[in-house]
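Each chain is listed here by its residues.
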Amino acid sequence: MKNLLYIVFSFIMLCALCTSINSYRRTEYMIAQDVDQALKQVLVKMPDNVVTTDTIRCYRNRLTIAELKDTAGIAMRTVRRGGRWETKMVAEANCSFATTFMMSDQKASGSLFVFGALWLLGSLWYVRRNKPELIVQGLAYGGIVFHDDKFMTVSGEEIRLTPMQHSLLKIFITTDTHTLSKQEICDRLWPKKPDASDTLYTLIRRIKPIIETHSTLKIESDRGKSYSLKLR
């Protein structure tokens with residue numbers, strides 16, 4: 001359940017981000033269209049390929065987006081066409097990222113961001129509200145809760161174990177001292193196997209990182225004679 005809550009939150013925030021980027025791109029396109037149409041009008045009225053103060057003034061007067069009137073300009077660029085270099089007059093909006101972002105419509109993305117934040121707060125409240133109940137119902141030790149034949153963290157996240165790892169951890173958790181002799185473990189897990197020392201060693205080696213990742217516990221060995229599940 002906890003993972004589902006966070007997956008939904010991630011999806012909402014992703015939608016908000018995509019909506020925000022899409023709105024920003026649309027605004028960039030509108031700005032490019034506006035400066036281009038203004039330049040075309042200027043070139044019709046002032047066909048000379050020379051940029052003067054009057055040219056800039058005329059160009060800015062034909063802009064429809066008010067925010068561009070103080071920043072937009074005209075530049076001369078050298079481009080290669082058909083193997084020849086030519087000088088071309090181009091329109092420049094000269095807008096910063098912040099200006100373009102403020103001009104874009106971010107209402108939809110903002111609403112999604114707010115909804116996502118509220119969803120996250122609600123999810124954290126839900127997880128915290130159910131955390132004490134989990135601890136009370138289950139057998140807890142070192143950050144691991146054993147309840148309904150499942151191992152979980154105190155936040156309710158299930159710890160994935162193989163059947164044999166599950167059986168070993170169950171023995172450790174349900175034993176009062178959390179200490180077991182090597183022979184006792186082998187007899188309970190592999191009663192028909194004459195010598196399960198190597199199998200036990202492999203099992204201990206593989207379960208150690210799982211326990212240490214999800215709890216404050218560790219498995220200690222006493223010269224290979226016994227194993228203990230202890231707090232770090």
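As shown above, the structure is provided for reference.
Residues numbered from 1 in each chain as written. Predicted model: local features only at pLDDT ≥ 70, side-chain atom pairs only at ≥ 80, totals over all residues. Heavy atoms only, no water.

Summing up its helical and strand segments, the protein has seven helices and eight strands in all. Compactness check: the protein gives a C-alpha radius of gyration of 34 Å against a globular reference of 17 Å for 232 residues, more than 25% above the reference. A principal-axis box enclosing the C-alpha atoms of the protein has dimensions of 100 × 45 × 25 Å. Residues classed as buried in the protein amount to 32% of the 232 residues present. If you take every contact in the protein between residues at least 6 apart in sequence, the share linking residues at least 24 apart comes to 51%. Carbon and sulfur atoms form 57% of the exposed surface of the protein, whose accessible area is close to 14,900 Å². Counting 33 positive and 23 negative side-chain charges, the protein places the averaged centre of each group 3 Å from the other. (Helix = DSSP H or I, 4+ residues; strand = E, 2+ residues; numbered from the N terminus. Rg over C-alpha atoms; globule rule 2.2 N^0.38 Å. Buried < 20%, exposed > 50% of the residue type's maximum accessible area, 1.4 Å probe, protein only. Contact = heavy atoms within 4.5 Å. Areas by Shrake-Rupley, 256 points an atom, 1.4 Å probe, with all protein chains shown as cover. Lys, Arg positive; Asp, Glu negative; His and termini not counted. Charge placed at Lys NZ, Arg CZ, Asp CG, Glu CD.)

Another aspect to go through is the packing of helix H6 (residues 182-189) against helix H7 (residues 197-214). The geometry of H6 relative to H7 is characterised by a closest axis approach of 10 Å and an angle of 95° between their N-to-C directions. When the axes of H6 and H7 are compared, the pair comes out roughly perpendicular. Listed contacts from H7 to Lys182, Ile185, Cys186 and Leu189 of H6 are Ser197, Leu200 and Leu203. (Axes fitted to C-alpha atoms, helices over the stretch in contact; angles between N-to-C directions. Parallel < 35°, antiparallel > 145°, perpendicular 65-115°, else oblique.)

A word on a nonpolar patch on the surface. The grouping of Leu14, Leu17, Ile21 and Phe113 at the surface amounts to a nonpolar patch, some 350 Å² of accessible area in total. Broken down by element, the residue count for the nonpolar patch peaks at three residues, all from helix H1 (residues 2-45). Tracing the backbone shows isoleucine 21 in helix H1. When its relative accessible area of 42% is taken as the criterion, isoleucine 21 is described as partly exposed. (Patch = residues over 30% accessible without salt bridge, like charges linked within 9 Å, V, L, I, M, F, W, Y side chains within 5 Å. Salt bridge = Lys/Arg side-chain N within 4 Å of Asp/Glu carboxyl O.)

Turning our attention to the packing of aromatic side chains. For any two aromatic rings, the description comes down to two numbers: the centre-to-centre distance and the angle of the planes. Applying the stated rule across the entire model yields four aromatic pairs. A ring pair is formed by phenylalanine 146 and phenylalanine 151, whose centres lie 4.6 Å apart and whose planes are at 35°; its orientation type is tilted. Here the two residues phenylalanine 146 and phenylalanine 151 agree in accessibility, since each one is buried. Each residue in the set Tyr24, Phe97 and Phe101 is aromatic and connected to the rest through ring pairs, giving one cluster. (Phe/Tyr/Trp six-rings, centres within 6.5 Å; stacked < 30°, edge-to-face > 60°.)

Our next topic: unusual backbone geometry. Even without a glycine there, the phi angle at aspartate 148 is positive, about 55°. For aspartate 148, the position within the fold is in the loop between strand E4 (144-147) and strand E5 (150-153). Even without a glycine there, the phi angle at histidine 178 is positive, about 60°. Position of histidine 178 relative to the elements: it lies in the loop between helix H5 (163-174) and strand E6 (179-181).

Another aspect to go through is the nonpolar core. Core analysis: the biggest nonpolar cluster contains 27 residues, and Leu169 and Leu229 have the highest contact counts within it. Here the element with the most residues in this core is H7; it accounts for six residues. Aside from chain neighbours lying at most four places away, what touches leucine 169 is Ile144, Phe151, Leu161, Ile207, Ile211 and Leu229. By size, the runner-up hydrophobic cluster in this structure holds 16 residues, among which are Ala38, Cys58, Ile65 and Ala93. (Core = buried A, V, L, I, M, F, W, Y, C linked by side-chain atoms within 4.5 Å.)

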